Amino acid sequence: MSKAPRTDEQASDGHASDGHGAARPAADSHDLIRVHGARENNLKDVSVELPKRRLTVFTGVSGSGKSSLVFNTIAAESQRMINETYSAFVQGFMPTLARPEVDVLDGLTTAIIVDQQRLGADPRSTVGTATDVNAMLRVLFSRLGEPHIGSPNAFAFNVASVRASGGITVERGAGKTKTVKATFNRTGGMCTRCEGRGKVSDIDLTQLYDDSKSLAEGAFTIPGWKSDSQWTVQVYAQSGFVDPDKPIREYTEKELQAFLYGEPVKVKVNGVNLTYEGLIPKIQKSFLAKDREGMQPHIRDFVDRAVAFTTCPDCDGTRLSAEARSSKIKKVSIADACAMQISDLATWVAGLDEPSVAPLLTALRNSLDSFVEIGLGYLSLDRPAGTLSGGEAQRVKMIRHLGSSLTDTTYVFDEPTVGLHPHDIQRMNDLLLRLRDKGNTVLVVEHKPETIAIADHVVDLGPGAGAAGGAVCFEGTVEGLRSSGALTGRHFDDRASLKETVRERTGVLEIRGAATHNLRDVDVDIPLGVLTVVTGVAGSGKSSLVHGSLVGGSQGLDPDVVVVDQGAIRGSRRSNPATYTGLLDPIRKAFAKANGVKPALFSANSEGACPACNGAGVIFTDLAMMAGVSTPCEECEGKRFQPEVLEYRLGGRDISEVLAMSVTEAEEFFREGEARTPAAHRVLTRLVDVGLGYLSLGQPLTTLSGGERQRLKLATHMSEKGGVYILDEPTAGLHLADVEQLLGLLDRLVDSGKSVIVVEHHQAVMAHADWIIDLGPGAGHDGGSVVFEGTPADLVAKRSTLTGEHLAAYVGA
């Protein structure tokens, strides 16, 4: 391992000097975070010493152990130790964190994690509520709004108006009591029609039942509702509110009201007490309250057919009551303010001058200016939080910390430049340096050379990924990294060159009059049969053009389009690459055929599961107020299967040994010989093609990094027979050395007759493209136009856009 020499401020005995040889107080000598013997996931007894109050960047290929060291070791132990300072009672309500596998962790400070986990998708969560800017606006309007309608709650779409009256018991002296009449009022800003959601659901009754039939004849057409045995159906049939033998279309008005909208009430069905409620509220609770993406496909199809979400006609989608919208400051209501682009809202707030709320205005201006500074000025406060990308969500979380008075804390960032145009990366770098200069320790996991270049200290992990990684290849300065010979150092100054010749298009996809979100009636032709890159600054309209016009638009392309977006992979700790890609099905069938038994025996989630751990391989123990622990199952020794199942073999290996193989090993194993399985080999070949050869087949999906998950999705979608592939920033989470492999994969897709459309900021992908569509010139209402169409060489030659300038600098033109 290469290591930079220590400075005179990091003396070997752990004490510091002041630069002139004089000893400083002992308290000032704690200037390092020391990690010794870290063994989380694939880490191999890693030991590093990180300088405090400096910017340290962790690099290495995806899966090399960066997140295991930074998040699962340093940040996790910091959070665990802070949690232990609370009483046992309070700890019982907090998330339980196990102690990381590490020998020594010394010099830790409070860790604040700013990751890429998407913000909650609750329908009432918006950018404004997630950053507390809405709270400040509500106070502002409650003080300055005309007419005055009440407290800040009167402007909150999450607070309903409540009125109550009745008798209350008041205690008097000497144990006497008196009942007095009291009235309670609370004015909230919630729209009563949509309950603060901004949308209302319109349910198509024809999709719920056939009104020509009676309940006894099976009128319900809802998936899973059968008239003969289903308890839910029996509740309606035996409730006494409707005649089960009468066709629904012949119900009286009273019967129909009770059938569709009846209040919850207890009824007796076959001697059992059950709850009856109207069909509409029942459907809303059973289906609409659940996450659509988590539904089974047939249930999701039913919901899509039966339910239409439309903008609330009472509040026009603002979520607010008429009273809340009537109170204004300088002719602007709080609904108008939340709908403004944040950069415009910042200008409006800057124009307010009212001494009585001067501190509030200052705090509000600072928060809004932070949005603009961080490159999110194109958002609006009423934007649903669940619609933000991972990169946008991370930058929204940063807003809370930019104005923080805390110092000497550790900020941990997970690829903060993801989703950023090269023009915006400099802004992010400035923010990271600003946090450092306030006296904080900043730890950043990053692949972009522009951010690595500003580091005070670099830790490079590798040399490979998975089992081939987990070691420190270099620790020191950026200049030392360049000359270290480590993989990141060798590729640090790599630059993709422009193509001498580009492919000829075989046709075009015509987009006419695109106006989704900020698009300005865009007309553009996307060439087919080539690699097309759609680029532009964050918020310029790239996703609106591609996803809004191609995927969800009126082009008639849906059956032919394969979309690989940045949505999270859904899976439990039992899910792994073999189950997610469908690889396990042909493997189980091959084992079953070779041994003359049922395929279900070779599933750890079915008949073959170890009874002690139910096929999980580990026993999870909840220790209530202490950290929960997981230990390998003693019965199956972590192999997940019953002993009898492990006696069956294919090609000399049992099923647990196959799941422990790496993708590369399995690709060779299933290629030829006794274990030859063409269906499994095809899936494994695709996994190798996207650079996931180091993953083990049975590795839990919950342990995969963001880059690994993205490529796993890509490998899965490659089996689909679409003619047009749309990829949303496929370089997210990719190391410099992996980008070249991705470009080769994109070339193979195009050469096989596919049309590939990539929404991307990475200059290497732009340089490698056959055609570029650049949107802008700015973000939000300053974007939404096509500012360039043509080849990368033409874009570099003209340098007429921000993208052109950065691409020209990248290729050295």
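Residues numbered from 1 in each chain as written. Predicted model: local features only at pLDDT ≥ 70, side-chain atom pairs only at ≥ 80, totals over all residues. Heavy atoms only, no water.

## Some points on the overall build of the protein
Here is step 1: Secondary structure summary: the protein contains 28 helices and 28 strands in total.
Here is step 2: The C-alpha atoms of the protein give a radius of gyration of 30 Å, which matches the 28 Å a tight globule of 813 residues would have.
Here is step 3: Expressed along its principal axes, the backbone C-alpha trace of the protein runs to roughly 85 × 85 × 70 Å.
Here is step 4: Split into buried and exposed, the 813 residues of the protein put 50% on the buried side.
Here is step 5: Long-range contacts, defined here as pairs at least 24 residues apart, represent 66% of the contacts in the protein between residues at least 6 apart.
Here is step 6: Put simply, the protein shows about 37,300 Å² of open surface, and 49% of that area lies on carbon and sulfur atoms.
Here is step 7: Here the protein contributes 85 positive and 102 negative side-chain charges, whose respective centroids are spaced 5 Å apart. (Helix = DSSP H or I, 4+ residues; strand = E, 2+ residues; numbered from the N terminus. Rg over C-alpha atoms; globule rule 2.2 N^0.38 Å. Buried < 20%, exposed > 50% of the residue type's maximum accessible area, 1.4 Å probe, protein only. Contact = heavy atoms within 4.5 Å. Areas by Shrake-Rupley, 256 points an atom, 1.4 Å probe, with all protein chains shown as cover. Lys, Arg positive; Asp, Glu negative; His and termini not counted. Charge placed at Lys NZ, Arg CZ, Asp CG, Glu CD.)

## With respect to empty space enclosed by the protein
Rolled over the atoms, a probe sized like a water molecule indicates the empty space that remains.
Here is step 1: Summed over the entire model, instances satisfying the criterion amount to five cavities of 30 Å³ or more.
Here is step 2: In this structure, the largest cavity occupies an estimated 150 Å³ of space.
Here is step 3: What lines the largest cavity is a set of 18 residues, and nearest its centre among them are Lys448, Thr731, Ala732, Gly733 and His762.
Here is step 4: The residue makeup of the lining of the largest cavity, split by class, is six nonpolar, seven polar and five charged.
Here is step 5: Space inside the second largest cavity adds up to approximately 60 Å³.
Here is step 6: If you go around the second largest cavity, the residues you meet are Asp689, Val690, Gly691, Arg711, Leu714, Leu734, Asp738, Gln741, Leu742 and Leu745.
Here is step 7: Here the lining of the second largest cavity gets four residues from one element, more than from any other, and that element is helix H25 (residues 736-751).
Here is step 8: Taken together, the residues that form the lining of the second largest cavity break down as five nonpolar, two polar and three charged. (1 Å grid on protein atoms, 1.4 Å probe; cavity = no way out; pocket = protein on both sides within 12 Å on 5 of 7 lines; lining within 4 Å. Points joined across faces, edges and corners; volume = space filled by probe spheres on them. Nonpolar A, V, L, I, M, F, W, Y, C, P; charged D, E, K, R; others polar.)

## What about the pairing of strand S4 (residues 55-59)?
Here is step 1: Among the five residues of S4, five are classified as buried, and the element is accordingly described as predominantly covered.
Here is step 2: Residues Leu55, Val57 and Thr59 line one face of S4 and the alternating positions Thr56 and Phe58 line the opposite face, and both faces are buried.
Here is step 3: Inspection of the sheet shows S4 paired to strand S16 (residues 441-445) by four bridges, in the parallel sense. In the strand pairing of S16, Val57 is matched with Val444.
Here is step 4: Looking at chain direction, S4 and strand S17 (residues 457-462) are connected through four bridges and run parallel. Paired with Val57 across the bridge in S17 is Val458. (Pairing = 2+ DSSP bridges.)

## Examining helix H6 (residues 253-261)
Here is step 1: Residues of H6 that are buried include every one of Glu255, Ala258, Phe259 and Leu260, and no others.
Here is step 2: The inward-facing, buried residues of H6 contact helix H5 (231-237), strand S11 (272-276) and helix H7 (279-288).

## With respect to the pattern of salt bridges
Here is step 1: Counted by the stated rule, this structure contains 30 salt bridges.
Here is step 2: One salt bridge connects Arg197 with Glu195, and the closest N-O pair in it is separated by 3.3 Å.
Here is step 3: Lys598 is paired through a salt bridge with Glu607; the nearest N and O atoms lie 2.9 Å apart.
Here is step 4: Judged by relative accessible area, Lys598 falls into the partly exposed class, the value being 46%.
Here is step 5: The exposure class assigned to Glu607 is partly exposed, which follows from its relative accessible area of 39%.
Here is step 6: Because the salt bridges share partners, they merge into one network encompassing Lys499, Arg503, Asp747, Asp751 and Asp770. (Salt bridge = Lys/Arg side-chain N within 4 Å of Asp/Glu carboxyl O.)

## Side note on the confidence of the model for the protein
Here is step 1: Mean pLDDT over the protein: 86, with 91% of residues reaching 70 or higher.
Here is step 2: Between the elements of the protein, mean pLDDT differs from a low of 50, seen in strand S1 (residues 2-3), to a high of 97, seen in S4.
Here is step 3: Note that residues 4-16 has pLDDT below 50 and, in this model, 25 contacts with residues that lie over four places away or in other chains.
Here is step 4: Ignoring residues within four places in sequence, the model shows residues 554-558, a span with pLDDT below 50, making nine contacts including any to other chains. (pLDDT = per-residue confidence, 0-100.)

## Structural notes on the state of the cysteines
Here is step 1: Under the definition given, this model contains zero disulfides.
Here is step 2: Residue Cys633 stays outside any disulfide, its sulfur separated by 3.7 Å from that of Cys636, the closest cysteine.
Here is step 3: Taking the relative accessible area as the measure of exposure, Cys636 reaches 6% and is therefore buried. (Disulfide = S-S within 2.5 Å.)

## Things to note about the nonpolar core
Here is step 1: Judged by nonpolar contacts, the single largest core of 71 residues is most densely connected at Leu137, Leu140, Leu345, Trp348 and Phe413.
Here is step 2: Leu140 has contacts with Gly145, Ile329, Leu352, Val357, Leu360, Leu361 and Leu364, leaving out every residue within four places of it along the chain.
Here is step 3: Counting residues in hydrophobic clusters, the runner-up holds 66 residues, among them Val564, Ala604, Ile655 and Leu704. (Core = buried A, V, L, I, M, F, W, Y, C linked by side-chain atoms within 4.5 Å.)

## Notes on the packing of helix H12 (residues 358-373) against helix H13 (residues 390-402)
Here is step 1: Between H12 and H13, whose axes approach to 10 Å, the crossing angle comes to 140°. As summarised for this structure, H12 and H13 are arranged oblique, according to the angle between their axes. You can see that H12 and H13 cross each other, and the crossing is right-handed. Between H12 and H13, the residues in contact are Ser367, Ser370 and Phe371 and Val396, Ile399 and Leu402, respectively.
Here is step 2: Residue composition of the contact of H12 with H13, grouped by class: four nonpolar, two polar and no charged. (Axes fitted to C-alpha atoms, helices over the stretch in contact; angles between N-to-C directions. Parallel < 35°, antiparallel > 145°, perpendicular 65-115°, else oblique. Left-handed = near helix turned anticlockwise from the far one by under 90°.)

## Considerations on the sheet that holds strand S27 (residues 771-776)
Here is step 1: Spatially, S22-S25-S26-S21-S27-S28 is the arrangement adopted by the six strands of the open sheet, whose pairing is mixed. The two strands at the open ends of the sheet, each matched to only one other strand, are strand S22 (561-564) and strand S28 (785-790). The sheet shows a mean angle of 15° between the axes of neighbouring strands, direction not considered.
Here is step 2: By the bridge criterion, five bridges tie S27 to S28 in an arrangement that is antiparallel.

## A closer look at a nonpolar patch on the surface
Here is step 1: A cluster of nonpolar side chains, contributed by Tyr86, Phe89, Val90 and Phe93, occupies part of the molecular surface with about 470 Å² of accessible area.
Here is step 2: Assignment of secondary structure puts Tyr86 in the loop between helix H1 (66-83) and helix H2 (88-91).
Here is step 3: According to the relative accessible area criterion, Tyr86 is partly exposed, its value standing at 41%. (Patch = residues over 30% accessible without salt bridge, like charges linked within 9 Å, V, L, I, M, F, W, Y side chains within 5 Å.)

## Some words on unusual backbone geometry
Here is step 1: Residue Pro463 is bonded to the preceding Gly462 through a cis peptide linkage, with omega at 0°.
Here is step 2: In this fold, Pro463 is placed in the loop between S17 and strand S18 (471-476).
Here is step 3: The backbone of Glu195 sits at a positive phi, close to 55°, despite the residue not being glycine.
Here is step 4: Tracing the backbone shows Glu195 in the loop between strand S8 (177-186) and strand S9 (199-203).
Here is step 5: What makes Glu195 partly exposed here is its relative accessible area of 41%.
Here is step 6: Even without glycine at this site, Glu415 takes up a positive phi of about 45°.

## So, the sheet that holds strand S2 (residues 32-38)
Here is step 1: What the three strands build is an open sheet, ordered S3-S2-S5; its pairing is antiparallel. The open sheet terminates on both sides in strands that have one partner only, identified here as strand S3 (46-51) and strand S5 (104-106). Taken pair by pair, the neighbouring strands of this sheet meet at an average axis angle of 5°, ignoring direction.
Here is step 2: Where S2 and S5 come together, three bridges link them in antiparallel fashion.

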